[in-house]
Amino acid sequence: GATAGGTTKDAKVPTVILTIGMAGSGKTTFLQRLNSHLRTQKHVPYVLNLDPAVNKLPFGANIDIRDTIDYKQVMKDYTLGPNGAILTSLNLFTTKFDQVLEFVDKRAAELDYVIVDTPGQIEIFTWSASGAIITDSLAATYPTVLAYIIDTPRTAGPATFMSNMLYACSILYKTKLPFILVFNKTDVTPHDFAVEWMSDFEAFQRALMQDTSYMSSLMNSMSLVLDEFYENLNYCGLSAVTGAGFDDFMAQVAKARDEYYAEY
Ligand code: GDP
Ligand code: MG
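Notes on the structure in this doc start here.

Calculation notes
- Residues numbered from 1 in each chain as written.
- Chains lettered and ligands numbered in written order.
- Predicted model: local features only at pLDDT ≥ 70, side-chain atom pairs only at ≥ 80, totals over all residues.
- Heavy atoms only, no water.
- Helix = DSSP H or I, 4+ residues; strand = E, 2+ residues; numbered from the N terminus.
- Rg over C-alpha atoms; globule rule 2.2 N^0.38 Å.
- Buried < 20%, exposed > 50% of the residue type's maximum accessible area, 1.4 Å probe, protein only.
- Areas by Shrake-Rupley, 256 points an atom, 1.4 Å probe, with all protein chains shown as cover.
- Lys, Arg positive; Asp, Glu negative; His and termini not counted.
- Charge placed at Lys NZ, Arg CZ, Asp CG, Glu CD.
- Phe/Tyr/Trp six-rings, centres within 6.5 Å; stacked < 30°, edge-to-face > 60°.
- Polar contact = N/O pair within 3.5 Å; in protein donor to acceptor, adjacent residues only side chain to side chain.
- Contact = heavy atoms within 4.5 Å.
- Salt bridge = Lys/Arg side-chain N within 4 Å of Asp/Glu carboxyl O.

### Side note on the overall build of the chain
The number of helices and strands found in the chain is twelve helices and seven strands. Computed over its C-alpha atoms, the radius of gyration of the chain comes to 19 Å, within 12% of the 18 Å expected for a compact globule of 264 residues. If you line up the chain on its principal axes, its C-alpha atoms span 55 × 50 × 30 Å. Within the span of the chain, comprising 264 residues, buried residues form 50% of the whole. Summing over all exposed atoms, the chain offers an accessible surface of approximately 12200 Å²; the carbon and sulfur share of this is 54%. Of the charged side chains in the chain, 20 are positive and 29 negative; the average position of the first set lies 8 Å away from that of the second.

Here's what the structure looks like:
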């Protein structure tokens, strides 16, 4: 394995689970539930919080960006709005990310997972140089899996579903990392419709035609692109609130990781 610090092949190598997703999709709640799920299963997680603007973190973080960066102060110092301050905070933190990796590396032999929460607004992490540097340096050190959290109730319309899938698709092609679509909030809306749309192209087209006539030919072409995206995709449905579906999620993590990182 390509681990830092000369770890031998037999030593434990933690798997990184990097949580991304639209604002309000449930990343932080998911990480809280994942943290307690792993602990119940006697797996040792190391927890990183990369959201400088979260008010109250519902889990204990081993490393918290808020310990070193005061986002409100960054707003004042650089005269920035909230999003600019979050991005600048992430940039400032990224300059010290080698130290974060050293902390993780010191504990790596006893860790099973490194779980990471990211800022609320997805593009701050997925479309910034800092987000790319953090993602790449984690992935260069440990097997890393992306958990793309989806707000299932809010993506139940065919047009929003397709936009969300296209976004997921763009991140997959950008990072080229193993990827799991996580349909969250299944306690509110089960993800059966999504499974049907991902596996049955014609069922999705029927839904699309009922939903909208506007730009329908463009939508049809795009849904063809997605059909290929779904082919080798890992997905699962769960509820970060009730905890249902987390065993399946962990199975998907193992599968995605093992398919991708055959050497581990
Ligand atoms: P983040 O912005 O992606 O970190 O999202 P949060 O974790 O802050 O969650 C946003 C909102 O969705 C909060 O009100 C959560 O309580 C709610 N939420 C998160 N996961 C679930 C879930 O599985 N079921 C339900 N019903 N609500 C959820
Ligand atoms: Mg959050």
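### Structural notes on the packing of aromatic side chains
All chains considered together, the criterion is met by 13 aromatic pairs. Aromatic side chains Phe 161 and Trp 197 sit 5.2 Å apart centroid to centroid with 70 degrees between the ring planes, which places their arrangement in the edge-to-face category. One end of the pair, Phe 161, is in helix H8 (residues 158-175); the other, Trp 197, is in helix H9 (residues 192-199), with 36 residues separating them in the sequence. For Phe 161, a relative accessible area of 0% puts it in the buried group. A relative accessible area of 9% means that Trp 197 is categorised as buried.

### Quick notes on the side chain of Thr 28
Along the polypeptide, Thr 28 turns up in helix H1 (residues 27-40). For Thr 28, the side chain forms a polar contact with the side chain of Asp 117, separated by 2.7 Å. With residues near it in sequence (within four places) discarded, Thr 28 still touches Leu 57, Pro 58, Phe 59 and Asp 117.

### What to know about the pattern of salt bridges
Counted according to the given criterion, the structure contains six salt bridges. Lys 255 is the partner of Glu 259 in a salt bridge, and the nearest nitrogen-oxygen pair spans 3.7 Å. Remark: Lys 255 and Glu 259 occur in helix H12 (residues 246-260); sequence separation between them is four residues, near one turn of the helix. Look at Glu 259 and you get exposed, because its relative accessible area is 52%. Judged by relative accessible area, Lys 255 falls into the partly exposed class, the value being 39%.

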